[in-house]
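Summary of structural features
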Amino acid sequence: MSNTILPYLTLGAILFCVGLYGALTKKNAVIVLLSIELMLNAANLNLVAFSKFGVVPSLKGQIFSLFNMTVAAAEVAIGIAILIALYRNKGTSNVDDMNELRK
């Protein structure tokens, strides 16, 4: 077992960068939502790593990570509802067409 926080932070940074790239470059709304979830999971990984390897190890980071997961679940539910409304009105899931939901 590793006694350092560096591998966790490196993995979190890589996951965040991949998610940021996907959120900024892709036009499909499902891919954008998945990329945002990837960035939130990278933040959760960092929270848990700092919780375990911090100056004063405690459960605060893990509890905040659980709160972050509930917010992410709500974000996905709302995002999918908006995506379904967009697809019904426009017939596409392209994020460039999300500026209005009217026909």
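Residues numbered from 1 in each chain as written. Predicted model: local features only at pLDDT ≥ 70, side-chain atom pairs only at ≥ 80, totals over all residues. Heavy atoms only, no water.

**Topic: the overall build of the chain**
Summing up its helical and strand segments, the chain has 3 helices and 0 strands in all. Traced from its N-terminal end to its C-terminal end, the chain shows the element sequence α-α-α. Against the compact-globule benchmark of 13 Å for 103 residues, the chain has a radius of gyration of 17 Å, which places it well outside the compact range. Counting only C-alpha atoms and orienting by the principal axes, one finds that the chain spans roughly 55 × 25 × 20 Å. Across the 103 residues that make up the chain, the buried fraction comes to 20%. Restricting the contact set of the chain to residue pairs at least 6 apart, pairs at least 24 apart contribute 54%. Separation between the mean location of the 8 positive side-chain charges and that of the 5 negative ones in the chain comes to 5 Å. (Helix = DSSP H or I, 4+ residues; strand = E, 2+ residues; numbered from the N terminus. Rg over C-alpha atoms; globule rule 2.2 N^0.38 Å. Buried < 20%, exposed > 50% of the residue type's maximum accessible area, 1.4 Å probe, protein only. Contact = heavy atoms within 4.5 Å. Lys, Arg positive; Asp, Glu negative; His and termini not counted. Charge placed at Lys NZ, Arg CZ, Asp CG, Glu CD.)

**Observations regarding helix α2 (residues 29-53)**
Counted at 1.5 Å a residue, the expected span for α2 with its 25 residues is 36 Å, and the 36 Å between its end C-alpha atoms agrees. Turning to α2, its buried residues are A29, V32, L33, S35, E37, M39, A42, N44, A49 and S51. Among the structural elements, α1 (6-25) and α3 (60-90) are those in contact with the buried residues of α2. (Expected span 1.5 Å × (residues − 1).)

**Some details on the packing of α2 against α3**
Across the interface, α2 lies against α3 with an axial gap of 8 Å and an inter-helix angle of 175 degrees. Judged by the angle between their axes, α2 and α3 are roughly antiparallel. Counted by class, the contact of α2 with α3 contains 14 nonpolar, 7 polar and 3 charged residues. (Axes fitted to C-alpha atoms, helices over the stretch in contact; angles between N-to-C directions. Parallel < 35°, antiparallel > 145°, perpendicular 65-115°, else oblique. Nonpolar A, V, L, I, M, F, W, Y, C, P; charged D, E, K, R; others polar.)

**Concerning a nonpolar patch on the surface**
A surface patch of nonpolar side chains, about 300 Å² in accessible area, is lined by F16, L20 and L24. Within the secondary structure layout, L20 lies in helix α1. Owing to a relative accessible area of 37%, L20 belongs among the partly exposed residues under this scheme. (Patch = residues over 30% accessible without salt bridge, like charges linked within 9 Å, V, L, I, M, F, W, Y side chains within 5 Å. Areas by Shrake-Rupley, 256 points an atom, 1.4 Å probe, with all protein chains shown as cover. Salt bridge = Lys/Arg side-chain N within 4 Å of Asp/Glu carboxyl O.)

**A word on the environment of T4**
Structurally, T4 is set in the segment before α1. For T4, a relative accessible area of 38% corresponds to the partly exposed category. Considered as a pair, T4 and V71 are 67 residues apart in the sequence and their alpha carbons are 29 Å apart. Within polar-contact distance, the side chain of T4 engages the backbone nitrogen of L6 at 3.4 Å. (Polar contact = N/O pair within 3.5 Å; in protein donor to acceptor, adjacent residues only side chain to side chain.)

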